[in-house]
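What the coordinates show
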Amino acid sequence: AQLRQPPAPRLRRRVDGVLVIAVPPSEPELREVIDLGMPTSLIGVSLEGVPSVTIDDVLAARIATQHLVDLGHRRIGIIGGSATNSPSTADQDRQRGFREVMSEAGLEVDPHLESTGHFTVAGGEQAMTSLLTQRNRPTAVFAMSDEMAFGAMRSLRSHGLVAGTDLSLIGVDGHVMSELLDLTTVAQPVVELGRIAAETLLEQITAGTVAAAVPSCQLPTRLFVRGSTAAATG
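The notes below deal with the structure included here. Computed from a prediction, not measured in an experiment: that's the story for all the values here.

**So, helix α4 (residues 89-104)**
With 16 residues, α4 should cover 22 Å at 1.5 Å per step; its first-to-last C-alpha distance of 22 Å lies within 8% of that length. Every buried residue of α4 is listed here: Ala90, Asp91, Arg94, Gln95, Gly97, Phe98, Val101 and Met102. Each buried residue of α4 sits inside an arc of 160° when the element is viewed along its axis, so together they form one side. Structural note: α4 exposes Ser103 and Glu104 on the side pointing more than 90 degrees away from its buried face. As for α4, its buried residues are in contact with β3 (52-55), α3 (57-70), β4 (76-80), β5 (114-116), β6 (140-143) and β7 (168-173). Among the residues trailing α4, Gly106 stands out with phi positive, at a value near 70°.

Here is the structure:
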């Protein structure tokens, strides 16, 4: 669960274990949970000594960005999750993957083509609107989450533009709506992430130990090419 309030000391007596989803390792609340010494399993974040299941966020962003580069796009924008110095490892890693591919392709990362969408649909819409108002707008955009990409699509529609026709757009996550909205995405195996994390937690509870030699693991992502991306023109 997302942590928003410090865990009460009575937590030990109320639950047998804790499953933590996508809480940055720098969050004090996460450390407080770990320090309780209870069976704990993490999804989407790694912390030394605690079993976790994650994806390679750097690689996911690399796959997404490389897809746009392979289509011939050169002015590629990015909709990031948070502002600079975000505590989110996914945010930082996806930014890193994007920049690595751009550098390897000899392409400039134009600060005017970087916008922030806060990992929400509304934020993605605002971020895309900002990119579209640039004097030399991008021909393709990498949104660091599908939800932000959905908002970006809404912005494109309001400007009379179509993803895949007027501008290529790709996301990350494999949201259940991505296929319906014809969004190209790098999908993470959400069900498998949850299954492995739950099994890992149950193993600890059954054994009566904390992180008893339970290994962490990293699952692969997969590119699904749909109608929102197309070869660059002109």
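**Here we look at the nonpolar core**
With 43 residues, the main nonpolar core has Ile76, Ile79, Met128, Phe142 and Leu169 as its most contacted residues. Sequence-distant contacts of Phe142, that is, excluding residues within four places in its chain, are made with Ala61, Ala64, Thr65, Leu68, Gly77, Ile78, Ile79, Arg94, Phe98, Ile170 and Val172. Ranked by size, the runner-up nonpolar core spans twelve residues in total, among them Val33, Ile34, Leu36 and Val45.

**Describing a nonpolar patch on the surface**
On the surface, a nonpolar cluster with roughly 400 Å² of combined accessible area is contributed by Val176, Met177, Leu180 and Leu181. Mapping Met177 onto the fold places it in the loop between β7 and β8 (184-187).

**Concerning the environment of Arg154**
Its location among the elements puts Arg154 in helix α6 (residues 146-158). Considered as a pair, Arg154 and Glu125 are 29 residues apart in the sequence and their alpha carbons are 6.2 Å apart. With residues near it in sequence (within four places) discarded, Arg154 still touches Val121, Ala122 and Glu125.

**Examining the pairing of β7**
When you tally the buried positions in β7, you get six out of six residues, the bulk of the element. Alternating residues of β7 divide into Ser168, Ile170 and Val172 and Leu169, Gly171 and Asp173, and every residue in both groups is buried. Sheet topology places β6 next to β7; three bridges connect them, and they run parallel. Looking across to β7, one finds that Ala140 is bridged to Ser168. Handedness of the β6-α6-β7 crossover: right-handed. Where β7 and β8 come together, four bridges link them in parallel fashion. If you follow Val172 over to β8, its bridge partner there is Val186.

Definitions and cut-offs
- Residues numbered from 1 in each chain as written.
- Predicted model: local features only at pLDDT ≥ 70, side-chain atom pairs only at ≥ 80, totals over all residues.
- Heavy atoms only, no water.
- Helix = DSSP H or I, 4+ residues; strand = E, 2+ residues; numbered from the N terminus.
- Expected span 1.5 Å × (residues − 1).
- Buried < 20%, exposed > 50% of the residue type's maximum accessible area, 1.4 Å probe, protein only.
- Arc of directions from axis to C-beta.
- Contact = heavy atoms within 4.5 Å.
- Core = buried A, V, L, I, M, F, W, Y, C linked by side-chain atoms within 4.5 Å.
- Patch = residues over 30% accessible without salt bridge, like charges linked within 9 Å, V, L, I, M, F, W, Y side chains within 5 Å.
- Areas by Shrake-Rupley, 256 points an atom, 1.4 Å probe, with all protein chains shown as cover.
- Salt bridge = Lys/Arg side-chain N within 4 Å of Asp/Glu carboxyl O.
- Pairing = 2+ DSSP bridges.
- Right-handed = clockwise from strand over helix to strand, strands pointing away.

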